[in-house]
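# Fold and geometry: a report
If you want the building blocks of each chain, they are given just below.
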Amino acid sequence: MADQPPPVSPREISEFLALVRERSTNRVPSTPAEDVAFFERKADLLSRIAVHSFDPEAVEVAAIARAQLDAARTRLSGGGF
């Protein structure tokens, strides 16, 4: 299908995992804007994986990532905590 996003590359996964490691070892808390950027990237990758997967769990994990992104956006806009 022409309207499907491209598959996730190994490089994208590697770069995202490096970001996860960096965030987990960073002693300075992330800002709400940084959290939104992180969860946007996570939701994008997992959604793209789900589109190209036959595994129903991949769809579920992508939905969880989108929910995390929604929550981060809510915190950024001042509506949460």
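Keep in mind the model is a prediction, meaning the values are calculated, not measured.

### Let's talk about the side chain of R48
- In this fold, R48 is placed in helix α2 (residues 32–51).
- For R48, a relative accessible area of 9% puts it in the buried group.
- In this view, R48 contacts P5, P6, P7, V8 and E12; residues no more than four positions away in its chain are not counted.

### Remarks on the pattern of salt bridges
- For the coordinates displayed, the defined rule picks out six salt bridges.
- Notably, a salt bridge pairs R48 with E12, separated by 2.9 Å at the nearest N-O pair. Here R48, found in helix α2, pairs with E12, found in helix α1 (residues 10–25); they are 36 residues apart in sequence, far enough to count as distant.
- Assessed through its relative accessible area of 24%, E12 is described here as partly exposed.

### Some remarks on the environment of R75
- Along the chain, the position of R75 falls in helix α3 (residues 56–76).
- Spatially, the C-alpha atom of R75 lies 9.1 Å from that of A33, the residues being 42 residues apart in sequence.

### Comments concerning the packing of α1 against α2
- Direction vectors running N to C along α1 and α2 enclose 145°, while the axes themselves pass 11 Å from each other. Along this stretch, α1 crosses α2, giving a crossing that reads as left-handed. Touching E12, E15, F16, L19, V20 and R23 of α1 are E34, D35, F38, R41, K42, L45 and R48, all from α2.
- A per-class count over the contact of α1 with α2 returns five nonpolar, no polar and eight charged.

What counts as what
- Residues numbered from 1 in each chain as written.
- Predicted model: local features only at pLDDT ≥ 70, side-chain atom pairs only at ≥ 80, totals over all residues.
- Heavy atoms only, no water.
- Helix = DSSP H or I, 4+ residues; strand = E, 2+ residues; numbered from the N terminus.
- Buried < 20%, exposed > 50% of the residue type's maximum accessible area, 1.4 Å probe, protein only.
- Contact = heavy atoms within 4.5 Å.
- Salt bridge = Lys/Arg side-chain N within 4 Å of Asp/Glu carboxyl O.
- Axes fitted to C-alpha atoms, helices over the stretch in contact; angles between N-to-C directions.
- Left-handed = near helix turned anticlockwise from the far one by under 90°.
- Nonpolar A, V, L, I, M, F, W, Y, C, P; charged D, E, K, R; others polar.

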